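# Observations on the model geometry
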Amino acid sequence: MNKVFLCKETAREETRTALVPPDIKALVAMGYEIAVQSGAGLKVGYTDDDYSAAGAKILGTLDEGYKFCDIIVRINKPDTISGIRENALHISSFDVFNQKPAIKEYAEAGIKLISLEMVPRTTLAQKMDILSSQASLAGYYAVVLAAAKLPKIFPMMMTPSGTISPARVFIIGVGVAGLQAIATAKRLGARVEAFDTRPVVEEQVKSLGAKFVKIDLGEMGQTEQGYAKELTAEQIELQRKGQAKVCAQSDVVITTAKVFGRKAPILLTKEMVAQMKPGSIIIDMAVKTGGNVEGSDPEKEVLLDNGVRIIGGDSLERFIPKDASNMFSGNIFAFLEHFWNAEQKSFRLDTEDEIMKGCLITSDKKIVHKSFIE
Ligand code: NAD
């Protein structure tokens, strides 16, 4: 098992590619044979010639690639499994919690499915973690986008023509994206406040020079994997009340509050948004998993009558496809390297390995992941 095929993404809004030429060169040196679907890197700025120079074979169609390979690599779940051979290993992000019928389809077709979002968040697997690599870029970009849309500047400026006060930025949810958003907003000179339900986050917020908003929600904590626990309806109500004043005073609110595998909580209600200043910007980075903001839309920007703009900030890393692809590709490279058997010159599907156990969803015509075995 050493033949890898890189597919061209089909979704119009997808700008990234799952493997970049420098990583392909290193994989070829390791012993992998690589084919690339023509045009796979064009939106990022990599031509077929760049891939050829790195040692890949260029194939014109998806079907040719499926016939050539044992391992299929792409960013997103494809629309159809048509043409994928039995026993092929399919590696991509997959949005598994929302794709239960598709998981069954992959199992029945005998396709071995790896969902990269399910790679465990352990120290060893850190370099394979697409959630972190993409979220940190998205967090950066959310701030850059807000700064471009806001009718005022971020830093304080004292000039003979007048003094400009710094923009006030409130970040709700301080995981990977939130931390990067805080750091970026601070670098641009904003006054930054942040809140997260996991108590351990307070120190991290302070170390970035931002203020932690204190809201007492009673029992909170985090799961073993470091994820937030789901709040009760009463706790969500307390949080909304505690945040309302900070939102009303902020020029920018960026929400990233997600609960792994579940719907995101609504943290900004219509009433809270109505209290915000005209011209303020809200970016809801949890929009795809239900949204943190009432009225946010993944497809479009919403300008409300009170002059507040709500931006559905899903997959913002797609606006910076070069770095996003380089990092995603680095994650896949690390995965393929970790499971490389140098003696047999083959990918080793080691079902006893903790990383493999975490992200292998189907194998041997069965659903094998413990979270999805019904
Ligand atoms: P995520 O995308 O699941 O959620 C984003 C943030 O929203 C989290 O910090 C979460 O606590 C917060 N949140 C959830 N509900 C909230 C609410 N009601 N109000 C405010 N905030 C709320 O999280 P993530 O960015 O993927 O990171 C999750 C955790 O995983 C973090 O602890 C992170 O440090 C950890 N992590 C560990 C590793 C590793 O060890 N290799 C790698 C990456 C992340």
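So, here's what we can say about the structure. Since the model is a prediction, treat every value here as computed from it, not as a measurement.

## Some words on the packing of aromatic side chains
By the definition in use, this model includes 11 aromatic pairs. When the ring of Tyr141 is compared with that of Phe319, the centres are 5.1 Å apart and the planes differ by 0 degrees; the resulting orientation is stacked. Taken as a pair, Tyr141 in helix α5 (residues 130–149) and Phe319 in the loop between β15 (309–312) and α10 (321–338) lie far apart in primary sequence, 178 residues in all. Look at Tyr141 and you get buried, because its relative accessible area is 16%. Put simply, the rings of Phe97, Phe260 and Phe372 pair up and form one aromatic cluster. Taking the ring centre of Tyr46 as reference, the NZ or CZ of Lys322 above it sits at 4.9 Å.

## Quick word on the sheet that holds strand β9 (residues 168–172)
As summarised here, the arrangement of the 7 strands in space is β11-β10-β9-β12-β13-β15-β14, forming an open sheet in which the pairing is mixed. Looking at the sheet topology across the chains shown, the edges are occupied by β11 (211–212) and β14 (302–303). Alignment of β9 against strand β10 (residues 191–195), held across 5 bridges, turns out to be parallel. Each residue of the ladder has a partner; that of Arg168, found in β10, is Arg191. Together, β12 (252–255), β13 (281–284) and β15 form the strand contacts of α5, whose direction differs from that of β13 by roughly 155 degrees. Here helix α8 (residues 233–249) sits on the sheet and contacts β9, β10 and β12; the angle it forms with β9, its principal contact strand, is near 155 degrees.

## Quick notes on the site of the ligand
Around the ligand sit 24 residues in total, of which Arg121, Val176, Asp196, Arg198 and Gln239 are the nearest. Residue Arg121 places a side-chain N or O atom 2.9 Å away from an oxygen atom belonging to the ligand. Between a nitrogen atom of the ligand and a side-chain N or O atom of Gln239, the distance comes to 2.8 Å. Against a free-state accessible area of 830 Å², the protein chains account for coverage of 85% of the ligand.

## Notes on the environment of Phe328
One can find Phe328 in helix α10. When the C-alpha atoms of Phe328 and Met158 are compared, they prove to be 42 Å apart, with 170 residues separating the residues in sequence.

## Description of the pattern of salt bridges
The full count for this structure, using the stated rule, is 21 salt bridges. Ionic pairing is found between Glu301 and Lys149, a salt bridge with its closest N-O pair at 2.8 Å. Pair noted here: Glu301 is in the loop between β13 and β14 and Lys149 is in helix α5, with a separation of 152 residues, a long-range link. A salt bridge links Arg198 to Asp196; the shortest N-O distance between them is 3.8 Å. Like Arg198, the residue Asp196 is buried in the burial classification. Shared partners join several salt bridges into a network, and the residues in it are Glu14, Arg16, Glu317 and Arg318.

## Points about unusual backbone geometry
For residues besides glycine, phi is generally negative; the peptide bonds are generally trans as well. With a phi angle near 45 degrees, Ser315 is a residue other than glycine that sits in the positive phi range. Structurally, Ser315 can be placed in the loop between β15 and α10. Even without glycine at this site, Asp364 takes up a positive phi of about 50 degrees. Here Asp364 shows up in the loop between β18 (360–363) and β19 (366–367). Looking at Asp364, the relative accessible area reads 54%, which means it is exposed.

## Focus: the layout of surface pockets
Roughly 680 Å³ of internal volume is contained in the second largest pocket. If you go around the second largest pocket, you meet 28 residues; those closest to its centre are Met118, Gln225, Gly358, His369 and Lys370. It is helix α11 (residues 354–359) that provides the largest number of residues to the lining of the second largest pocket, a total of 5 residues.

## Let's talk about the sheet that holds strand β5 (residues 89–92)
Strand order in the open sheet made by the 8 strands is β3-β2-β1-β4-β5-β6-β18-β19, with mixed pairing throughout. Both outer strands of the open sheet, β3 (57–59) and β19, are each paired with one neighbouring strand and no more. Of the pairings in the sheet, the one linking strand β6 (residues 112–115) to β18 comprises 2 bridges and is antiparallel in character. Bridge pairing in β18 places Leu113 opposite Thr362. In the packing of α10 onto the sheet, the strands contacted are β1 (3–6), β4 (71–73), β5 and β6, and the crossing angle to β5 comes to about 145 degrees.

What counts as what
Residues numbered from 1 in each chain as written. Predicted model: local features only at pLDDT ≥ 70, side-chain atom pairs only at ≥ 80, totals over all residues. Heavy atoms only, no water. Phe/Tyr/Trp six-rings, centres within 6.5 Å; stacked < 30°, edge-to-face > 60°. Helix = DSSP H or I, 4+ residues; strand = E, 2+ residues; numbered from the N terminus. Buried < 20%, exposed > 50% of the residue type's maximum accessible area, 1.4 Å probe, protein only. Lys NZ or Arg CZ within 6 Å of the ring centre and 35° of its normal. Pairing = 2+ DSSP bridges. Contact = heavy atoms within 4.5 Å. Axes fitted to C-alpha atoms, helices over the stretch in contact; angles between N-to-C directions. Near = heavy atom within 4 Å. Polar contact = N/O pair within 3.5 Å; in protein donor to acceptor, adjacent residues only side chain to side chain. Areas by Shrake-Rupley, 256 points an atom, 1.4 Å probe, with all protein chains shown as cover. Salt bridge = Lys/Arg side-chain N within 4 Å of Asp/Glu carboxyl O. 1 Å grid on protein atoms, 1.4 Å probe; cavity = no way out; pocket = protein on both sides within 12 Å on 5 of 7 lines; lining within 4 Å. Points joined across faces, edges and corners; volume = space filled by probe spheres on them.

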